[in-house]
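Geometric and topological summary
Chain by chain, the residues run as shown.
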Amino acid sequence: MAKLILSMETTVLKEVPLTKERTTIGRKPHNDIQIDNLAISGEHAVVITILNDSFLEDMGSTNGTFVNGQSVKKHFLQNGDTIELGKYRLKYVSEVPQQTSSADFEKTMILRPGAAQKPASAPSGGATPTVSAPPSPATTVPSHMSTSPGMAPQPPSAPPTAAPALPLGAIQILSGGNAGKEMELTKTLTTLGKPGVQVAVIARRPHGYFITHVEGASFPVVNGKALDAQAHQLADHDVIELAGVKMEFFLKS
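Here we summarise the structure given alongside this text. Just so it is clear, the structure is predicted and the values come from calculations on it, not from any experiment.

Conventions used here
Residues numbered from 1 in each chain as written. Predicted model: local features only at pLDDT ≥ 70, side-chain atom pairs only at ≥ 80, totals over all residues. Heavy atoms only, no water. Helix = DSSP H or I, 4+ residues; strand = E, 2+ residues; numbered from the N terminus. Contact = heavy atoms within 4.5 Å. Areas by Shrake-Rupley, 256 points an atom, 1.4 Å probe, with all protein chains shown as cover. Pairing = 2+ DSSP bridges. Salt bridge = Lys/Arg side-chain N within 4 Å of Asp/Glu carboxyl O. Buried < 20%, exposed > 50% of the residue type's maximum accessible area, 1.4 Å probe, protein only.

Structural notes on the overall build of the chain
When its secondary structure is counted, the chain shows one helix and 23 strands. Of the contacts made within the chain by residues no fewer than 6 positions apart, 47% connect residues no fewer than 24 positions apart. Entry remark: accessible area of the chain is about 13,600 Å², with carbon and sulfur atoms responsible for 54%.

Right, dumping it as structure tokens:
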């Protein structure tokens, strides 16, 4: 299990296991990690944890959030990273190997006309969601045949029986200027929404796709029902409302 170790200078103050999907950091008492210091904003930052992956999001703090000496707005946490908030330090410790690279999370682009796979079928206007647009990774096919001097090539052995692969998920924009456009969810984490307004992340896992609220006063709405802070598993043809835009999640056959 991952944890954050809070310290000031050389003194360790406490350890906080990341048992929740949303761990808030700030000066106000309601935060999961309260740091009573004027250099820390009331709601300074949040750590989102989905299974073995955690990422940090600055919540518009006054003095900023730093990781390993670099100012960040959002950052995929890796073992040994140090979050710096004023004079305080939060060291991220995770003993579980992480499969998501920081590039998977940081590559975010605005979904403009021509950026998605299908042309827009509706007139321009409306909010523009932010969608991470990842390329499909190359596949390496190993050789199953070996040849020794004087020996005929051996036929490949029968592969072991594997569990059915998860169908590829995708979203289609239903409203606004990008209505009709489609984006495949090929990355482990895909961010959706408008920074500063409302942001959510869709995580691709072996057993399904899950949407989690990241930023904004209101939570995403799925099939007319507002979500809470917990991750919600998406079903085929669920309709998501986020940052004023409707979109449909579906599984490709």
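What about the environment of L85?
You can see L85 is positioned in strand β10 (residues 82-85). Expressed as a C-alpha distance, the spacing of L85 and G64, which sit 21 residues apart in the sequence, is 7.6 Å. L85 has contacts with I25, I35, I40, H44, G64, T65 and L90, leaving out every residue within four places of it along the chain.

Quick notes on the sheet that holds strand β4 (residues 33-34)
Reading across from one edge, β4-β3-β5-β6-β9 is the order of the five strands in this open sheet, with mixed pairing throughout. The open sheet has two free edges, formed respectively by β4 and β9 (74-76), since each of these has just one partner strand.

Side note on the pattern of salt bridges
Opposite charge on two side chains permits pairing when their charged atoms draw close. The final tally for this structure, using the stated rule, is five salt bridges. Between D53 and R205 there is a salt bridge, with the nearest N and O atoms lying 2.9 Å from each other. With D53 in strand β6 (residues 53-58) and R205 in strand β17 (residues 198-205), the pair connects residues that are 152 residues apart, well separated along the chain. Both residues of the pair, D53 and R205, count as buried. With a closest N to O distance of 2.7 Å, E182 and K252 form a salt bridge. Separated by 70 residues along the polypeptide, E182 in strand β15 (residues 182-184) and K252 in the segment after β23 (245-251) bring together distant segments of the chain. Among the charged side chains, a network of salt bridges with common partners joins E182, E184 and K252.

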